[in-house]
Amino acid sequence: MIQEEWKKNGFVTEPVPAGVDLKAEIRRMCQEKNAVIMAHYYTEGIIQDVADFIGDSLALAQKAAKTDADIIVMCGVHFMGETSKILCPEKVVLVPDLNASCSLAESCPADEFSAFVKEHPEHVVISYVNTTAATKAVTDVVVTSSNARQIVESFPKDTPMIFGPDQNLGGYINEITGRNMVLWNGACHVHAKFSVEKILQLKAEHPGAKVLAHPECKGPVVKLADKVGSTAALLKYSLADEATEFIVATESGILHEMQKGAPEKTFIPAPPEDSTCACNECNYMKMITLQKLYNTLKYEWPAIEVDVEVAEKAVRPINKMLEISAQLGL
Ligand code: 13P
Ligand code: SF4
């Protein structure tokens with residue numbers, strides 16, 4: 001029986017028994033329950049290390065759609081759990097802390113986005129995967145930062161389009177594709193905080209370093225980057241490129257896999273503009289702790305639920321994205 005206390009807090013508040021090898025127990029429970037742990041690159045290193053699969057938003061959705069596990073534990077933010085649940089309604093999808101939201105998804109309330117869509121009849125509606133299920137339900141095609149360019153370009157050049165919620169990603173896609181999509185004015189509170197000034201300061205200290213930036217960063221930051229891409233694309237580039245130093249303008253959790261893949265290289269996190277912190281972290285991603293993951297598997301709670309009618313509508317644009325991505329070999 002779920003205790004009221006858990007519901008109030010959004011995660012299992014039961015203390016973890018002392019002396020337990022959490023990693024070993026987590027792996028044992030996965031085996032016993034036929035559960036799979038998926039983790040986004042922004043989660044704590046310890047979470048990435050215990051996961052079955054680590055990926056960017058596209059890879060996590062693709063993996064969820066194909067898994068034969070009975071339980072998916074999504075170590076990431078709420079919309080990632082929702083996407084998995086929408087794709088696999090018959091499975092149990094757990095997110096260790098329901099408070100793990102996303103400022104971008106929150107910047108696009110479904111009712112307001114719906115009104116925006118109505119104001120632009122005849123427009124194809126493209127939504128970034130960082131949206132709630134209800135916002136996806138009024139969308140034609142979902143995209144991630146891995147496939148946004150190719151999906152937008154799969155429509156004839158003169159197609160009128162709306163892009164939401166990230167104005168930075170939307171602006172970047174408009175620029176590289178020569179489109180003129182109407183943009184929703186949302187942003188991510190982490191990526192919006194990178195500044196040209198602080199990155200140039202780091203460049204002065206590390207003249208040979210290449211700059212890697214996620215397209216959710218503001219336009220001027222993206223412009224000075226040597227590589228712009230999704231978390232997976234930035235990781236791949238950093239491991240393959242001949243440079244030995246990289247300034248990384250995305251959430252600092254990605255440095256874990258970068259450093260693991262290339263221990264001889266130096267990865268420098270770009271700091272947020274408004275603080276003295278060295279790294280820029282997503283407080284939502286960091287809500288996923290090993291203790292919460294252990295309890296989630298043990299009690300199989302909290303499970304993601306999506307309203308059936310909303311899910312029926314939201315699954316179409318997600319599947320459309322997966323279909324186009326498969327056709328394009330992404
Ligand atoms: P990726 O799809 O590139 O991993 O990005 C997800 C995200 O939330 C970026 O802030
Ligand atoms: Fe959302 Fe930004 Fe966190 Fe990514 S980094 S999950 S966009 S709040």
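See the structure printed just above.
The text that follows walks through the structure, step by step, so that each part is easy to find. (Residues numbered from 1 in each chain as written. Chains lettered and ligands numbered in written order. Predicted model: local features only at pLDDT ≥ 70, side-chain atom pairs only at ≥ 80, totals over all residues. Heavy atoms only, no water.)

1. Regarding the environment of S84
Then, in step 1: Checked against the element boundaries, S84 lands in helix α5 (residues 78-87).
Then, in step 2: In sequence terms S84 and V143 are 59 residues apart; their C-alpha atoms lie 15 Å from each other.
Then, in step 3: Apart from residues lying up to four places away in sequence, S84 is in contact with A64, I72, M74 and V93. (Helix = DSSP H or I, 4+ residues; strand = E, 2+ residues; numbered from the N terminus. Contact = heavy atoms within 4.5 Å.)

2. Some details on the site of ligand 1
Then, in step 1: Taken together, H40, Y42, D56, S57, Y128, N130, S145, H191, H214, E216, S230 and T231 make up the full set of residues near ligand 1.
Then, in step 2: Taking S57, its side chain carries an N or O atom lying 2.7 Å from an oxygen atom of ligand 1.
Then, in step 3: The contact in question runs from an oxygen atom of ligand 1 to an N or O atom on the side chain of N130, over 3.1 Å.
Then, in step 4: When ligand 1 sits alone it has 300 Å² of accessible area, and the protein chains cover 96% of it.
Then, in step 5: Taking a 2 Å distance to the grid points as the criterion, the majority of the atoms of ligand 1 fall inside the largest cavity.
Then, in step 6: In terms of residue class, the shell around ligand 1 is built from two nonpolar, eight polar and two charged. (Near = heavy atom within 4 Å. Polar contact = N/O pair within 3.5 Å; in protein donor to acceptor, adjacent residues only side chain to side chain. Areas by Shrake-Rupley, 256 points an atom, 1.4 Å probe, with all protein chains shown as cover. 1 Å grid on protein atoms, 1.4 Å probe; cavity = no way out; pocket = protein on both sides within 12 Å on 5 of 7 lines; lining within 4 Å. Sits in = over half its atoms within 2 Å of the grid points. Nonpolar A, V, L, I, M, F, W, Y, C, P; charged D, E, K, R; others polar.)

3. A look at the pairing of strand β11 (residues 245-249)
Then, in step 1: Judged by how many residues are buried, β11 sits mostly within the fold: four of five residues are covered.
Then, in step 2: Pairing between strand β9 (residues 210-213) and β11: four bridges, direction parallel. Looking at β11, one finds that A213 is bridged to A249.
Then, in step 3: Across four bridges, β11 lies against strand β12 (residues 266-269) in parallel orientation. Considered in β12, the bridge of E245 is made with T266.
Then, in step 4: Once you follow β11 into helix α14 (residues 255-261) and on to β12, the crossover reads as right-handed. (Buried < 20%, exposed > 50% of the residue type's maximum accessible area, 1.4 Å probe, protein only. Pairing = 2+ DSSP bridges. Right-handed = clockwise from strand over helix to strand, strands pointing away.)

4. Considerations on the packing of aromatic side chains
Then, in step 1: All told, the structure shown has six aromatic pairs when counted by the stated rule.
Then, in step 2: Here the aromatic rings of W6 and W301 are separated by 5.8 Å at their centres, their planes lie at 45°, and the arrangement is tilted. You can see W6 sitting in helix α1 (residues 4-9) and its partner W301 sitting in the loop between α15 (290-299) and α16 (308-327), a full 295 residues away along the chain. The residues W6 and W301 share a single accessibility class, namely buried.
Then, in step 3: Taking 5.5 Å as the distance between ring centres and 80° as the angle between the ring planes, the aromatic pair formed by F113 and W184 counts as edge-to-face. With F113 in helix α7 (residues 110-119) and W184 in the loop between β8 (182-183) and α11 (196-205), this residue pair connects regions lying 71 residues apart in the sequence.
Then, in step 4: The class for F113 is buried, based on a relative accessible area of 0%.
Then, in step 5: With a relative accessible area of 9%, W184 lands in the buried category.
Then, in step 6: We note K292 situated over the ring of F11; from NZ or CZ to the ring centre the distance is 4.5 Å. (Phe/Tyr/Trp six-rings, centres within 6.5 Å; stacked < 30°, edge-to-face > 60°. Lys NZ or Arg CZ within 6 Å of the ring centre and 35° of its normal.)

5. Overview of the nonpolar core
Then, in step 1: Residues I37, L293 and L297 are the most contacted members of the largest nonpolar core, which totals 72 residues.
Then, in step 2: For this core, the element with the most residues is α16, which contributes seven residues.
Then, in step 3: Not counting residues up to four positions away in its chain, the partners in contact with L297 are I26, M29, C30, K33, A35, I37 and V73.
Then, in step 4: In terms of nonpolar packing, the next biggest core, distinct from the first, is built from 15 residues, A209, V222, V228 and I268 among them. (Core = buried A, V, L, I, M, F, W, Y, C linked by side-chain atoms within 4.5 Å.)

6. Observations regarding the layout of surface pockets
Then, in step 1: Approximately 310 Å³ is the volume found for the largest pocket.
Then, in step 2: If you go around the largest pocket, you meet 19 residues; those closest to its centre are S145, S146, K227, G229 and A233.
Then, in step 3: When contributions to the lining of the largest pocket are tallied by element, the ones reaching two or more residues are α9 (148-153), α10 (167-177), β10 (227-228) and α13 (231-240). (Points joined across faces, edges and corners; volume = space filled by probe spheres on them.)

7. With respect to the sheet that holds strand β3 (residues 71-75)
Then, in step 1: The strand order across the open sheet formed by four strands is β2-β1-β3-β4, and the pairing between neighbours is parallel. Of all strands in the sheet, those bounded by a partner on one side alone are β2 (53-55) and β4 (92-94). On average, adjacent strands in this sheet sit at an angle of 20° to one another, irrespective of strand direction.
Then, in step 2: Relative to β3, strand β1 (residues 35-40) runs parallel, the two sharing five bridges. (Axes fitted to C-alpha atoms, helices over the stretch in contact; angles between N-to-C directions.)

8. Section: the site of ligand 2
Then, in step 1: In the neighbourhood of ligand 2, 13 residues make up the surrounding shell, with C102, N130, C188, E216 and C282 lying closest.
Then, in step 2: Here ligand 2 is seated within the largest cavity.
Then, in step 3: Counted by class, the shell around ligand 2 contains eight nonpolar, four polar and one charged residues.

9. A closer look at the state of the cysteines
Then, in step 1: Evaluation of the coordinates by the stated rule reveals zero disulfides.
Then, in step 2: In this structure C108 is not part of a disulfide, and its nearest cysteine sulfur, from C102, lies 11 Å away. (Disulfide = S-S within 2.5 Å.)

10. Structural notes on the side chain of T144
Then, in step 1: Considering the arrangement of structural elements, one finds T144 in the loop between β6 (141-143) and α9.
Then, in step 2: From its side chain, T144 meets the backbone nitrogen of S146 in a polar contact 3.0 Å long.
Then, in step 3: Apart from residues lying up to four places away in sequence, T144 is in contact with S57, L58, Y128, V129 and M321.

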